[in-house]
Amino acid sequence: WGQTYSVSIFLLLLSIWFLERKKAFPAWFSLAIMGLTRPQMLVPAFLLGAVFLRRFSPKENVEAISWSIVAAFLFLGPFALAISPSLPVDILVNTLLIQPRGNEALWNAVSLDAYSVWTLLTYFVGGAKGLARIFYPSVAPLIGPITYRQLSQILTTGLILFLAGLLVFHRKANRERYIPIVALGTASLLVLYTGLSSVHFVIGLPLLVLCRKSMTSAAYYAVIAIWTVTTFVPMYGVFGFAIAGVGYLAPALHHSSNAVTHLFMDLFSSDRFMTLGASANIMALLWLFWQAMPFGWNPTERVDGSPPRSTVASAAASK
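Residues numbered from 1 in each chain as written. Predicted model: local features only at pLDDT ≥ 70, side-chain atom pairs only at ≥ 80, totals over all residues. Heavy atoms only, no water.

I keep staring at the packing of helix α3 (residues 42-55) against helix α7 (residues 148-169) and nothing clicks. Help me out?
When two helices pack together, their arrangement is given by the angle between the helix axes and by the axis-to-axis distance. It is at 8 Å that the axes of α3 and α7 come closest, and there the two elements cross at 20°. In terms of their interaxial angle, α3 and α7 are classed as roughly parallel. The handedness of the crossing between α3 and α7 comes out as right-handed. Of α7, the residues touching α3 (which contributes V43, F46, L47, A50, V51 and R54) are I160, L161, L163, A164, L167, V168 and F169. Its residues placed into classes, the contact of α3 with α7 shows 12 nonpolar, no polar and one charged. (Axes fitted to C-alpha atoms, helices over the stretch in contact; angles between N-to-C directions. Helix = DSSP H or I, 4+ residues; strand = E, 2+ residues; numbered from the N terminus. Parallel < 35°, antiparallel > 145°, perpendicular 65-115°, else oblique. Left-handed = near helix turned anticlockwise from the far one by under 90°. Contact = heavy atoms within 4.5 Å. Nonpolar A, V, L, I, M, F, W, Y, C, P; charged D, E, K, R; others polar.)

Below you can see the structure in the form of structure tokens.
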């Protein structure tokens, strides 16, 4: 159910809050601790780090990063003494070694239970159906010798580097659109990378909620609705399958006596709903991409329902 993800999300929102308050050291420190909580947080940490480099002066960044290293060392001191002095390094090295090549063979699937883009390809290209679409091996070839996992790494890495470059070199992206761009990078990881679970999608939801001022009303509510449904349905559905054989853990929620659990299990494993959910996530990602880009975007309305500034300015000039 993602209980521990609230810790990662809290640190993510805390770093954004300190950025808006122009507090360099606590922003960098929150970012550093957030990156150690789970591998998936390294992507928003990387993109926010690009924002910090431009929003703070070089002197502020040097001082903040230096003090963050000292503070992180002191914070991790009790854990390092109890476990190992190399604990932080071991965590990062293990992450960098395992994530690109996958975990144990049992977990080397295109998805653990999430409606990613690969569940569409395993259906239309691989011919898999039902839950086999989700647990399709990620090491299977897709385009010639290129496997599902390798293609996901190429797409995800390329897009994240593009977004990081945009945040560093494009002033409007760094100042006005950094939240939707960070949200786009995080959502891209969740939809395009193999081996992720639906519970990981919880990470993207608060970032999408923060995009209210950067998106039109139609786009905002549509993306939030899509992300909420395609996160909750597989989370509840896989929970139903998990307790199917051990009903004594949650007898009131067992599918044999709970119609809601039975419904979500059927939805989660349904080919039609899986195709609809994966397609909706892709559409949400494309919609977010269009709304997040700092060029070629001209919303028809602002958050408060008034005309955009460009329209107001042109009308005033004509008078």
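How do you make sense of the pattern of salt bridges when you look at a structure like this?
One pass over the structure, following the stated rule, counts one salt bridge. Between D271 and R133 there is a salt bridge, and its shortest N-O distance comes to 3.1 Å. A residue pair is termed long-range when its members are at least 10 positions apart, and D271 in helix α13 (residues 271-292) and R133 in the loop between α6 (118-124) and β1 (141-143) qualify at 138 residues. Assessed through its relative accessible area of 0%, R133 is described here as buried. (Salt bridge = Lys/Arg side-chain N within 4 Å of Asp/Glu carboxyl O. Buried < 20%, exposed > 50% of the residue type's maximum accessible area, 1.4 Å probe, protein only.)

What is the right way to look at helix α12 (residues 259-269) in this model?
In an α-helix, one turn spans 3.6 residues; hence positions three or four apart end up facing the same way. Those residues of α12 that sit buried are T261, F264, M265 and F268. When α12 is viewed along its axis, its buried side chains cluster within an angular range of 105° and face the same direction. Check the buried side of α12 and you find it contacts α11 (217-242) and α13. Residue N258 occupies the N-cap position of α12, its side-chain oxygen lying 2.9 Å from the main-chain nitrogen of V260. (Arc of directions from axis to C-beta. Polar contact = N/O pair within 3.5 Å; in protein donor to acceptor, adjacent residues only side chain to side chain.)

Any chance you could explain a nonpolar patch on the surface here in plain terms?
On the surface, F25, W67, V70, F73 and L74 cluster together into a nonpolar patch covering about 580 Å² of accessible area. With four residues, the top contributor of residues to the nonpolar patch is helix α4 (residues 58-82). Tracing the chain through its elements places F73 in helix α4. By relative accessible area, F73 is classed as exposed at 64%. (Patch = residues over 30% accessible without salt bridge, like charges linked within 9 Å, V, L, I, M, F, W, Y side chains within 5 Å. Areas by Shrake-Rupley, 256 points an atom, 1.4 Å probe, with all protein chains shown as cover.)

Teacher, can you tell me more about the nonpolar core here?
Proteins that are soluble and globular tend to have nonpolar side chains buried together. Membership of the largest hydrophobic core comes to 71 residues, with the highest contact counts inside it found for L47, L48, F52, L167, Y178 and L288. Counting residues per element, this core draws most heavily on helix α9 (residues 178-192), which supplies 11 residues. Residues contacting Y178, with those up to four places away along its chain left out, are I16, L19, E20, L48, V51, R55, L167 and A173. Ranked by size, the runner-up nonpolar core spans 10 residues in total, among them I134, Y236, F268 and A278. (Core = buried A, V, L, I, M, F, W, Y, C linked by side-chain atoms within 4.5 Å.)

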